[in-house]
Amino acid sequence: MVRLNDILEEVRSAHPDVNLDPLEKAYVFSAKVHKGEENLSGEPYLNHPLEVGYLLAKLRMDVDTVVTGLLHDVLEENLSDRNTVKGLFGEGIAQLLDGVTQIGKMSFRSAAERQAENFRKMLLATARDVRVVIVKLADRLDGMRLLPRQPETVRRQVAQETFDIYAPLANRLGISWVKCDLEDYSFRFLMPEIYYDLASKIAKKKRERDDYIQEARTKIEQKLAEHGLSGKVTGRAKHLYSIYLKMERQGIDFDQVYDLAAFRVIVRELSECYAVLGIIHSTWKPIPGRFKDYIAMPKANMYQSLHTTVIGPYGERMEVQIRTDDMHRVAEEGIAAHWLYKEGPMADMLGPRENRQFAWLRQLLEWQQELTDSREFMRSVKLDLLSDSVFVFTPRGEVKELPRGATPIDFAYTVHSQLGDHCTGAKVDGRLVPLRTELANGNIVEILSSPNQTPSKDWLNFAKTTKARNKIRQWIKTEERGKSIEIGKELLEKELRKHGLGLKKTLAGDVFRELISDLGFRQEEDILAALGYGKVTLGQIVSRVLPEETGSEPVSSLPSPVSGKTRPAPSSAIRIQGVDNVMFRFAKCCNPLPGDTAIGFITRGRGITVHTADCPHLLEEDPERCVEVTWDEKEGASRSIKIRVLCRDRKGVLAAITGAITDSEANILSANISSRDGDKGDNLFEIEVSDLNHLNKVFNALMRVKDVYRVERVRT
């Protein structure tokens, strides 16, 4: 159990001359407000803020941050107020506590929206003061200890959020040991049977592995001494999730994983890193394609090291990482390794090296202005910031970092927006390639352009970065608006001509100007564009501008179907802004269910297409043609949905899966059963459920089936 002295010693070792009085005061205050409280395991609740403070001290954070860790939940749980905290600890700590408290405080209509908005607020808080998110990471890491005491649904929800958000964020901030611990905790609660099976297999080989590590470590130390070099050599077992990930990616069993241990050599000088690499390669045969120089080309989080894999003792693969002391400190502590806090904007707080690392935080502020939808913001951040990266070169040798899967279009927009807009083709390593070609590490990319070229809607099918997609959508929206205005003018002119009226005179009239305001538009072009889009009907306009005795069709708040008829609303009906009997259909790409947050998209000639709010296809469409929709809760008919069930392929598991589905009162319409990699089952079912709650009931039943390790909803 952590005690105050443990925290004080850690802080003193990192900051020898610092005043520790605020820490002692924070401990006394936290002990007072938490007096008598216990956590789920029956321990004093004070243990939690002490653990959080200790984790922050281990990360060598400043005193204000450690104090915030000790106090991090006093405002959130209303144990005190801001003025009291400010009076005792100052405005700086009060602001940090505000940032920590505000994350996740609001309520939302759905879990997906809540998670997206919380993530947005967390990252924006990071951009303002990165210490806020470091406190949240420490809070989450200690909170995962108590997760076994929570109900299963809570365990899975928290573990999934940790895996999706907190672990990648720790990685982006360069705090590798926090990232590994969070991944292992999430792995344990999301796939418990696989986790414990893997842990058991590793435990059986522990003695054998420890002997191997000691032998290889001794050999490396001897070789360094022979060449007059000294360095700290350590060996460790890889963490469980990384082993599982390797097995999944390569489709191999545990017995085929040979590099369960990784070795690290830490030296004093940069030049010694490459000398050690030469010694390792001359001692053991290197494996082609497994050498990575992150010193010459650091990762986005400023991680630097040499990585190589060799055929070590007894013919087993052995990974070796080589770095200096400073590189090791950055690798372990990440952003905290060179944290210098000063008053003022972030740009004034950091030197050139740190500014490179914080470029992604500045990018967050740009996205905050461009992306108003929280789910789109989250999708963009996950893709651009939390995914694996590739590093490519301009013809002049400048390095560009892009998300894995990026194409020459993404590269062009990264260099300059105008280069992206006018891109006609690309050369990769001197060869002409299609624009949809995925780039790989080390590619030299040259963009071909023409002033006559403009962005194509097809580019959205393979553009990956948020900047590229936003610029393409922006261009398309501008172009489509112009075309829609022309279409609207043409339609209105033809209709007015039938009644003996001219377009120019009508547009200039007072009645038309009043109509623009009444329908909620600002100017003439807006209403003409809406007419061209199909959001406004000719009847709504003509019935107002014609004399009363020659009136036209009644005003409708939604475009009429081309056929002039409406089909009966199907079961599980949708209500669209209070309008009944509107022609609509459900999108096949996301197959929305009652209970999903849904959005209607106005489709020309086909009424409303209903999507889930997070449907990726919807995100590519024009937001001006989206309308709010709600489910008619009076309807109770079933809808079909496709689910995928991944399991260990054993006798009787299929019967157990189908039994779990039918026991949950869901009807199986079809099934596609297949086996892959020998012992893995991949089963696709089409089932009937009444709503999202019913589907969740089916999912929970399936996850209780032995050897089922993943259940997911299939969106085509």
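Residues numbered from 1 in each chain as written. Predicted model: local features only at pLDDT ≥ 70, side-chain atom pairs only at ≥ 80, totals over all residues. Heavy atoms only, no water.

> Quick rundown of the nonpolar core? Include the residues and the values.
Residues Leu23 and Leu71 are the most contacted members of the largest nonpolar core, which totals 53 residues. Excluding its chain neighbours within four sequence positions, the residues that come into contact with Leu23 are Leu4, Leu8, Val11, Val63, Val66, Val67 and Leu70. In this structure, Tyr212, Cys273, Val276 and Trp284 belong to the second largest nonpolar core, which totals 24 residues. (Core = buried A, V, L, I, M, F, W, Y, C linked by side-chain atoms within 4.5 Å. Buried < 20%, exposed > 50% of the residue type's maximum accessible area, 1.4 Å probe, protein only. Contact = heavy atoms within 4.5 Å.)

> Quick one: what's the story with the packing of aromatic side chains, residue by residue and with numbers?
On inspection of all chains with the given rule, the structure shows nine aromatic pairs. Between Tyr212 and Tyr314, the ring centres sit 6.5 Å apart and the planes meet at 45°, which makes this aromatic pair tilted. Of this pair, Tyr212 sits in helix 12 (residues 206-226) while Tyr314 sits in the loop between strand 5 (306-311) and strand 6 (317-324), and the two are 102 residues apart along the sequence. Residue class for Tyr212 comes out buried when judged on its relative accessible area of 9%. Here Lys25 stacks its cationic end above the ring of Phe89, 5.8 Å away from the centre of that ring. One cation-aromatic arrangement involves Lys58 over Trp177; the distance from NZ or CZ to the ring centre is 4.8 Å. (Phe/Tyr/Trp six-rings, centres within 6.5 Å; stacked < 30°, edge-to-face > 60°. Helix = DSSP H or I, 4+ residues; strand = E, 2+ residues; numbered from the N terminus. Lys NZ or Arg CZ within 6 Å of the ring centre and 35° of its normal.)

> Summarise the sheet that holds strand 20 (residues 708-713); cite the residues concerned and give the values.
Read from one edge of the open sheet, four strands run 18-19-17-20, paired in antiparallel fashion. The sheet is open, and its two borders are formed by strand 18 (667-676) and strand 20, each paired with just one other strand. The sheet shows a mean angle of 20° between the axes of neighbouring strands, direction not considered. Here ten bridges tie strand 17 (residues 639-648) to strand 19 (residues 680-689), and the two strands are oriented antiparallel to one another. The partner of Arg639 across the bridge, within strand 19, is Val689. (Pairing = 2+ DSSP bridges. Axes fitted to C-alpha atoms, helices over the stretch in contact; angles between N-to-C directions.)

> Explain the side chain of Asn591 to me, using residue names and the numbers behind them.
Looking at the element boundaries, Asn591 is found in the loop between strand 13 (584-586) and strand 14 (598-603). Looking at Asn591, its side chain comes within polar contact range of the side chain of Arg639, at 2.6 Å. Among the polar contacts listed, one links the side chain of Asn591 to the backbone oxygen of Ser640, at a separation of 2.8 Å. With residues near it in sequence (within four places) discarded, Asn591 still touches Arg639, Ser640, Ile641 and Arg713. (Polar contact = N/O pair within 3.5 Å; in protein donor to acceptor, adjacent residues only side chain to side chain.)

> Can you tell me about helix 24 (residues 510-518), naming the residues and giving the values?
Taken together, the buried positions of helix 24 are occupied by Phe512, Leu515 and Ile516. For helix 24, the angular spread of the buried residues around the axis is 105°, confining them to a single face. In helix 24, the exposed residues that point more than 90 degrees away from the buried face are Asp510, Ser517 and Asp518. (Arc of directions from axis to C-beta.)

> Provide a residue-level description of the pattern of salt bridges, including the pertinent values.
Under the defined criterion, the tally for this structure stands at 22 salt bridges. Between Asp98 and Arg82 there is a salt bridge whose closest N-O contact spans 2.5 Å. Residue Asp98 is found in helix 6 (residues 91-102), and its partner Arg82 is found in helix 5 (residues 82-89); the two are separated by 16 residues along the sequence. A salt bridge links Arg140 to Glu161, with the nearest nitrogen and oxygen atoms 2.9 Å apart. Of this pair, Arg140 sits in helix 8 (residues 131-143) while Glu161 sits in helix 9 (residues 152-172), and the two are 21 residues apart along the sequence. The same class applies to Arg140 as to Glu161, namely buried. Three or more residues joined by partner-sharing salt bridges are found here, namely Arg82, Lys86, Glu91 and Asp98. (Salt bridge = Lys/Arg side-chain N within 4 Å of Asp/Glu carboxyl O.)

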